Amino acid sequence: MSNLDHKIDFAVILSVHNANPNGDPLNGNRPRQNYDGYGEISDVAIKRKIRNRLQDMGETIFVQSNDRKNDEFNSLRERADGNAELSQILKSKSVSSDDFARVACQEWIDVRSFGQVFAFKGSGSGGVSVGVRGPVSIHTARSVDPIDISSMQITKSVNSESGKDRGSDTMGMKHRVDFGLYVFYGSVNTQLAEKTGFTNEDADKIKQALVTLFENDLSSARPDGSMEVHKVYWWEHSSKLGQYSSAKVHRSLNITSKTDEPRSFEDYAVEVYALDGLKAEVLDGQ
């Protein structure tokens, strides 16, 4: 396995049909939306989906969802203690931050990809507080056009507890985006990849996770098939610093609507402006 020796930029175009791609807990779990009406999906939510896909691919993940965890650990501290080397470091009187970070990056692909903050109490001289900066950065996804959000009231028609009287129906709300085309960008930094041990093979796994981002991701808010990756654009530079800045590479992707009220991916025109010496690999979503 070889460490990543060239800069990478990428972009992902995805669509949402009658689903809530990322609810805002501070706004009644309505789909995230900025003040101009454009839909948003947080970078944290996108990284969660990438972690889930990597986990489905058999990779070891440190930050696992409780409903998807594939080990016996119930917290991040327990998962760290489950590694013999890290457990020994946590128990030692003098904690080596570099050694802790090295072992964690070797063990978990999400740590060496996205980074992680480890802040645990220990039996030694105050525990450990280690920050790992990951080479893979993800932007917040944003819709190409303002989105329309529909809401519906829902009820519960069964009793939660036994009793002779029928319980009153519980009222609630569900929200969904009728249709939205979103795009998010990202990049892989070679200098940070060298520090975490992120490899070319790891980059290929991230690329595959992006292509299959919504596989095995169904929920009541996101029914199967309601969210779809259409295109992944993957730019591999020829040097560590890259021929162009990430901002210029990301701007080379232009998406415009062909109708006043687009309702599908086909209602948009997607164009990638040519950059001398840098060509995008275009992958269709699965």
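Below or above, wherever it landed, is the structure these notes cover. (Residues numbered from 1 in each chain as written. Predicted model: local features only at pLDDT ≥ 70, side-chain atom pairs only at ≥ 80, totals over all residues. Heavy atoms only, no water.)

A short note on the overall build of the protein chain
Moving on, step 1. When helices and strands are counted, the protein chain shows 8 helices and 14 strands.
Moving on, step 2. Along the first, second and third principal axes, the C-alpha set of the protein chain runs to 70 × 55 × 30 Å.
Moving on, step 3. In the protein chain, buried positions account for 48% of the 286 residues.
Moving on, step 4. When contacts within the protein chain are restricted to residue pairs at least 6 apart in sequence, those whose partners lie at least 24 apart make up 70%.
Moving on, step 5. For the protein chain, the accessible surface area stands at approximately 14,900 Å², while carbon and sulfur atoms represent 45% of it.
Moving on, step 6. Here the protein chain holds 35 positive side-chain charges and 41 negative ones, and the gap between their average locations is 5 Å. (Helix = DSSP H or I, 4+ residues; strand = E, 2+ residues; numbered from the N terminus. Buried < 20%, exposed > 50% of the residue type's maximum accessible area, 1.4 Å probe, protein only. Contact = heavy atoms within 4.5 Å. Areas by Shrake-Rupley, 256 points an atom, 1.4 Å probe, with all protein chains shown as cover. Lys, Arg positive; Asp, Glu negative; His and termini not counted. Charge placed at Lys NZ, Arg CZ, Asp CG, Glu CD.)

Description of the pattern of salt bridges
Moving on, step 1. Under the definition given, this model contains 17 salt bridges.
Moving on, step 2. Across the salt bridge formed by Arg112 and Asp202, the nearest N and O atoms sit 2.8 Å from each other. A residue pair is termed long-range when its members are at least 10 positions apart, and Arg112 in helix H5 (residues 109-114) and Asp202 in helix H7 (residues 200-211) qualify at 90 residues. Across the pair, exposure class does not vary: Arg112 and Asp202 are buried alike.
Moving on, step 3. Two residues, Lys207 and Glu281, come together in a salt bridge whose shortest N-O distance is 3.1 Å. Here Lys207 is found in helix H7, whereas its partner Glu281 is found in strand S14 (residues 280-284), with 74 residues between them in sequence.
Moving on, step 4. Residues participating in the shared-partner salt-bridge network are Arg53, Asp56, Arg68 and Glu215. (Salt bridge = Lys/Arg side-chain N within 4 Å of Asp/Glu carboxyl O.)

Re the nonpolar core
Moving on, step 1. If you look at the biggest cluster of nonpolar residues, it comprises 38 residues, and the most contacted ones within it are Ile50, Phe184 and Leu210.
Moving on, step 2. Looking at this core, the elements that each hand over two or more residues are strand S1 (8-19), helix H1 (43-56), H5, strand S7 (136-138), strand S10 (170-188), H7 and strand S11 (227-236).
Moving on, step 3. Looking at this core, the element that brings in the most residues is S1, giving 6 residues.
Moving on, step 4. Residues in contact with Leu210, not counting those within four places in the same chain, are Phe10, Val12, Ile50, Phe184, Val229, Val232 and Trp234. (Core = buried A, V, L, I, M, F, W, Y, C linked by side-chain atoms within 4.5 Å.)

Quick word on the side chain of Arg222
Moving on, step 1. Counting through the fold element by element, Arg222 comes out in the loop between H7 and S11.
Moving on, step 2. Aside from chain neighbours lying at most four places away, what touches Arg222 is Ala19, Asn20, Pro21, Lys49, Asp217 and Met227.

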